[in-house]
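Letter by letter, the chains look like this.
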Amino acid sequence: MPLMRIPYTSPLPSPTIIPASASSVEGALVALTNFLTAPTTSAGRTVILSGAGISVASGLADYRGSNGTYTLNKTYRPIYYHEFCANHEARKRYWARSYLGWTNLHRSRPNKAHEAVGRLGELGLLSSVITQNVDSFHPIAHSRLRTLELHGYLRSTVCLSCRTEYNRASFQQDLALLNPAWAVFLAEMLASGALTTENPEERRRKGLKTNPDGDVDVPGVEYGTFRYPACPVCLANPPDGTRVEQDADGAWLPSSTAGILKPAVIMFGESIPNSVKLAVESAVDEAARILVLGSSLATYSAWRLVKRAQEQKKPIGVVNLGGVRGEEQFFANIATSGSGRDGVRCSLPLEEMLPMLVERLSQPITPPSLSSQVFQPAPWR
Ligand SMILES: [Zn+2]
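Residues numbered from 1 in each chain as written. Predicted model: local features only at pLDDT ≥ 70, side-chain atom pairs only at ≥ 80, totals over all residues.

**Student:** In this structure, what is going on with the environment of Leu-145? I would like to understand it.
**Tutor:** On the secondary structure map, Leu-145 appears in the loop between helix 5 (137–141) and strand 3 (147–149). By C-beta crowding, Leu-145 is classed as partly exposed, having 19 other C-beta atoms within 10 Å. Beyond its immediate stretch of four places on either side in the chain, Leu-145 contacts Gly-118, Gly-121, Leu-126 and Val-129. (Helix = DSSP H or I, 4+ residues; strand = E, 2+ residues; numbered from the N terminus. Buried ≥ 20, exposed ≤ 12 C-beta atoms within 10 Å, placed from the backbone. Contact = placed C-beta atoms within 7 Å.)

**Student:** So what exactly am I meant to see when it comes to the sheet that holds strand 10 (residues 316–319) here?
**Tutor:** Backbone hydrogen bonds are what pair the strands of a sheet, in a parallel or an antiparallel way. Pairing is parallel in the open sheet, where 6 strands are placed in the order 3-2-1-9-10-11. Among the strands making up the open sheet, the edge pair consists of strand 3 and strand 11 (343–346). Geometrically, the sheet is characterised by an average inter-axis angle of 15° between neighbouring strands, direction not taken into account. When strand 2 (residues 126–131) meets strand 3, the two strands line up parallel, connected through 3 bridges. Looking across to strand 3, one finds that Ile-130 is bridged to Leu-148. Against the sheet, helix 1 (residues 25–37) touches strand 1 (46–50), strand 10 and strand 11, its axis set at about 150° to strand 11. (Pairing = 2+ DSSP bridges. Axes fitted to C-alpha atoms, helices over the stretch in contact; angles between N-to-C directions.)

**Student:** Help me out: how do you make sense of the UniProt feature "active site" (unreviewed entry) in the protein in this one?
**Tutor:** When the UniProt feature table is mapped to this numbering, "active site" (unreviewed entry) covers His-151. You can see His-151 is positioned in the loop between strand 3 and strand 4 (152–159). Look past the residues within four positions of His-151 in its chain and what remains in contact with it is Met-4, Gln-132, Val-134, Val-265 and Ile-266. (UniProt positions renumbered as here; feature names shortened; annotations may be inferred.)

**Student:** Please clarify how the sheet that holds strand 4 should be interpreted in this entry.
**Tutor:** Spatial ordering of the open sheet is given by 5-4-8, a layout of 3 strands whose pairing is antiparallel. On the outer flanks of this sheet lie strand 5 (165–167) and strand 8 (261–265), each paired with one strand and no other. Here the average twist between neighbouring strands, direction ignored, is 45°. Where strand 4 meets strand 5, 3 bridges bridge the pair, whose relative direction is antiparallel. Looking across to strand 5, one finds that Ser-156 is bridged to Asn-167. The strands that helix 6 (residues 168–178) touches are strand 4 and strand 5; relative to strand 5, the one it contacts most, it runs at about 75°.

**Student:** Help me out: how do you make sense of the pairing of strand 10 in this one?
**Tutor:** Consecutive residues of a regular strand have side chains that alternate between opposite faces of the sheet. Taking every second residue as pointing to the same face, both faces of strand 10 are buried, with Ile-316 and Val-318 on one and Gly-317 and Val-319 on the other. Where strand 9 (residues 289–293) meets strand 10, 4 bridges bridge the pair, whose relative direction is parallel. In the sheet register, Leu-293 faces strand 10, and the bridge partner there is Val-319. Looking at chain direction, strand 10 and strand 11 are connected through 4 bridges and run parallel. Paired with Val-318 across the strands is Arg-345, a residue of strand 11.

**Student:** How do you make sense of the packing of helix 3 (residues 88–107) against helix 7 (residues 180–192) when you look at a structure like this?
**Tutor:** A pair of packed helices can be characterised by two numbers: the angle between their axes and the separation between those axes. Contact geometry of helix 3 with helix 7 gives a least axis separation of 10 Å together with a crossing angle of 35°. Remark: the crossing between helix 3 and helix 7 carries right-handed chirality. Judged by residue contacts, Ala-96, Tyr-99, Leu-100 and Thr-103 of helix 3 engage Trp-182, Leu-186, Met-189 and Leu-190 from helix 7. Of the residues assigned to the contact of helix 3 with helix 7, the class counts are 7 nonpolar, 1 polar and no charged. (Left-handed = near helix turned anticlockwise from the far one by under 90°. Nonpolar A, V, L, I, M, F, W, Y, C, P; charged D, E, K, R; others polar.)

**Student:** Which parts of the structure should I look at to understand the confidence of the model for the protein?
**Tutor:** The predicted coordinates should not be examined in detail at positions where pLDDT is low. Chain-level statistics for the protein give a pLDDT mean of 88 and a share of 87% at 70 or above. Taken as a whole, residues 64–72 scores under 50 in pLDDT and shows 19 contacts with residues more than four places along the chain or in a different chain. (pLDDT = per-residue confidence, 0-100.)

**Student:** Explanation requested: the environment of Ile-140 in the structure shown.
**Tutor:** Within the element layout of this structure, Ile-140 appears in helix 5. The spacing of Ile-140 and Pro-110 is 30 residues in sequence and 7.2 Å in space, taken between C-alpha atoms.

Next up, the structure:
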């Protein structure tokens, strides 16, 4: 099973635009139209593979940035799956940070790019969407077009023992009740606007201080005091050979051996479930071509799906600001003078590009008729 690894972080070269005409907006629209509507021998349509770049216009940062480095908190180190499972202290820290960060995500909404993907689906051009994003914007924006969430989703928590899933928004209420000082602090930070910016300087000015290891400094409170609840199912009925205990307020106690809740995202070092792996692979296998939207393919699990499409000799399209891992291989045999049918690489903002593409593709195609042709009198008459 593939493990979720830390993304590839070396700087990527600037993209070569293919076909060359796709460097203008009009040229890119033509190329993408040709790409999506090219006749294929199989009945398959296009599968979308989306990444963080499609959610930037929703106010969520593309952590990679356009210059290929982490742009947010340089000292931030993501939690590993094994740490989360094994370490109560690591979990307290994770949930405290998550408690502060949740409101921003919860208030964010899908943007025009997600809606445009839904419209492309309604036009019959797409077979499914694979997303690396954990923000649930695709399923919210287009419930009828199938979305496969490669790296899980933040909208739920999941019990490590019984696999029951719970709503993350209600979990937020539980965290507030168990951590009243943090709830007060969160309310203050929301009022100051410190949490609506990703800029560390601006955050500091608005009162959100972080210490050198990147943790938020909450006056008078330590991460070590943060509390989180146990899985209600395991608490009521502990799995065989385990015990699940909570304190008087309902916080999970470290004397427990089960009932730990985890966000339903794939953490670094965690395996992508086999069912998900097989589903995304067959989505690529069934499709006639793949279109990458807003991803630098820095994570191996996403890169290998495009590689898989290439091995099946399927056309590849990429719309991403900035370079993409391995793109020179993906487009090695595509002529820069082509029409876009065999492959497209352009670098334009999705939330502007995709609605224009939808508009173009929605217009009925009128075949040229005789009446619309202007007769030219023969020159000898
Ligand atoms: Zn459970």
